[in-house]
Amino acid sequence: METTYKVKVWKTAVYRGAKVTTYTVRWTLDGEEFRAPFGTSALADGFRSSLVTAARQGEAFNRESGLPVSHETGASAVNWYDFAVQFADAQWHRTAGNSRKNTAKALTAATVAFLRTRPSTFRPVDVRTALREYAFNTRRREGAPPEVASILKWVERNTLSMATWEDPVKVDDVLRAVDTLLNGKRAAASSIKRNRRILNVAMEHAIKHKILRTNPLPKGRGATPKTSNAVDRRSLIHPQRMARILARIRRRTRGGRRLHAYFSTLYYTGPRPEEAVAMYVDDVTLPPEDGEDQWCDILFHTAQPEVGKNWTDDGQIHEERGLKGRAEDDTRLVPGPPALTRILREHIKAEGLTPGDRLFQGEFGGILAGSVTRRAWSTARKAELTEREYESPMGRRIYDIRHTRLTKWLNDGIPPAQVAYWAGNSVPVLLAFYAGCIEGQLPDLKRRMEAQGDLPELSEGE
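Note that the coordinates shown come from a computational prediction; the quantities given were computed from them, not determined experimentally.

This structure, assessed with the given rule, holds 17 aromatic pairs. A centroid spacing of 5.3 Å and a plane angle of 45° characterise the contact between Phe38 and Phe47, whose relative ring orientation is tilted. Taken together, the aromatic side chains of Trp80, Phe83, Phe87, Phe114 and Trp165 make up a single cluster linked through ring pairs. For the cation-ring pair, Arg140 lies above Tyr134, with the distance from its terminal atom to the ring centre recorded as 4.3 Å. Lying over the aromatic face of Tyr267, Arg405 brings its terminal NZ or CZ to 4.7 Å of the ring centre.

With that settled, consider unusual backbone geometry. With a phi angle near 55°, Asp30 is a residue other than glycine that sits in the positive phi range. Residue placement: Asp30 occurs in the loop between strand S4 (21-29) and strand S5 (32-38). Non-glycine residue Lys210 carries a positive phi angle of around 60°. Examined against the element boundaries, Lys210 turns out to sit in the loop between helix H7 (189-208) and helix H8 (239-250).

Along its 13 residues, helix H2 (residues 80-92) runs 18 Å from first to last C-alpha, staying within 8% of the 18 Å computed at 1.5 Å per residue. Of all 13 residues making up H2, ten are buried, and the element is well covered by its neighbours. Along H2, the positions that sit buried rather than exposed are Trp80, Tyr81, Phe83, Ala84, Val85, Phe87, Ala88, Ala90, Gln91 and Trp92. Residues of H2 that are buried sit in contact with helix H3 (97-113), helix H4 (124-135), helix H5 (146-157) and H7. Residue Asn79 occupies the N-cap position of H2, its side-chain oxygen lying 2.7 Å from the main-chain nitrogen of Tyr81.

Turning next to the pattern of salt bridges. All chains considered together, the criterion is met by 24 salt bridges. Among the salt bridges present, the one from Arg244 reaches Glu384, with a minimum N-O distance of 3.2 Å. In this pair, Arg244 is assigned in helix H8 and Glu384 in helix H12 (residues 370-384), connecting sequence segments 140 residues apart. Measuring nitrogen to oxygen at the nearest pair gives 2.9 Å for the salt bridge that ties Arg257 to Glu346.

The subject of this paragraph is the environment of Thr269. For Thr269, the location among the structural elements is in helix H9 (residues 256-269). Sequence separation between Thr269 and Leu406 is 137 residues; the distance between their C-alpha atoms is 8.6 Å. Not counting residues up to four positions away in its chain, the partners in contact with Thr269 are Ile298, Phe300, Val334, Pro335, Gly336, Leu340, Arg405 and Trp409. Engagement of the side chain of Thr269 in a polar contact is seen with the backbone oxygen of Thr265, the distance being 2.6 Å.

Of the two faces of strand S8 (residues 296-300), only the one carrying Cys296, Ile298 and Phe300 is buried; Asp297 and Leu299 on the other face are not. As paired elements, S8 and strand S9 (residues 332-336) share five bridges and run antiparallel to each other. Bridge pairing in S9 places Asp297 opposite Pro335.

Read from one edge to the other, the open sheet built from three strands follows the order S7-S8-S9, with strand pairing classed as antiparallel. Two strands lie at the open edges of the sheet, namely strand S7 (284-285) and S9, each paired on one side alone.

Here is what the cut-offs are and how they apply
- Residues numbered from 1 in each chain as written.
- Predicted model: local features only at pLDDT ≥ 70, side-chain atom pairs only at ≥ 80, totals over all residues.
- Heavy atoms only, no water.
- Phe/Tyr/Trp six-rings, centres within 6.5 Å; stacked < 30°, edge-to-face > 60°.
- Lys NZ or Arg CZ within 6 Å of the ring centre and 35° of its normal.
- Helix = DSSP H or I, 4+ residues; strand = E, 2+ residues; numbered from the N terminus.
- Expected span 1.5 Å × (residues − 1).
- Buried < 20%, exposed > 50% of the residue type's maximum accessible area, 1.4 Å probe, protein only.
- Contact = heavy atoms within 4.5 Å.
- Polar contact = N/O pair within 3.5 Å; in protein donor to acceptor, adjacent residues only side chain to side chain.
- Salt bridge = Lys/Arg side-chain N within 4 Å of Asp/Glu carboxyl O.
- Pairing = 2+ DSSP bridges.

Structural data, given as structure tokens:
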């Protein structure tokens, strides 16, 4: 810990905004300025007095945090890199693969902002890769190649301590770095919100282990950018376009019929893609071929998202878990219309599938790869949409097939509670996401409102 005795405490600066007045205590250590904003003058005066008292008594000040040594918590004794590694390990065993990956990305951005100097013997891209893929990856860290280990040792030596979080100005600098892309542009609001959420969990972890006394991240309105969960209605796929895309996929030379059955299941029953790839033949109940009712039943009970082999416990690309946001053993049964019944019956027969087999397999067996489905969807979409439609949000992601189905159910008048069950959502989440996509019911609603009447007409003099 580097300290100094060259301290100057300045007059408190007062900023009077339209709604809030801020009192900022300012002081310098060896010419380097530090600031601490407060919401009231009493708090600012008390803090400033403690700095003046410490300086008059000849107390040393920490050059990283700017605080007198007597004010220090255990933060100055803990290296940020060491803490971040320990935090990543703590999160690893309680989070899924995608969450592990997002934690590593957020910690990487923060760690780069915590470096005392820029790397001169390593390329910045190599430093980021070493941090993201090894330092904050519990399963891979011990097996890091020698060149990566050298980078991580350099990072550990050149990282500031946790006391940096006690300086509001430096906190702003770190958050600005975390919120910025490599090209200098501001990250998407959803990415910023996710990174801030991860850092907040990290700060609470530091408080729990008595490294920090309080959470230094800003709170309240304006702390993170606003995001909208509402589905963009421009992403919904017109039925005629969907029919053409599915027909194009079916005509693919390699695996077209298998992929057609997979995408048809997405369209007619609206599961998440990771739920559809996890299905087995046993999960489909088909009616007798000569039965009057040709609706089938589709059972969803497992999800197998593709997260990458570096982020799963067993080194597999996919991670098996229960349905999203549901208890471990929850299931849901969704009806499939006769059109899907015909497609799945033909698919099972053509592939020679039996109970216990995966319903949708890759070319050489096993789980259907996301790279295959994304390539097939993108190729068919480009072939069947106009250039303007292809550049638009319409069906840009495979997930938009689910959005299209759920919206259609709502527009067909299916009660929201039923749609929520079939979709695996809660009713409030369903309505928050899809309220802006419901259409076609306005004429009926107008007639119902007119039937209820309006204000009575009053005669003259009333």
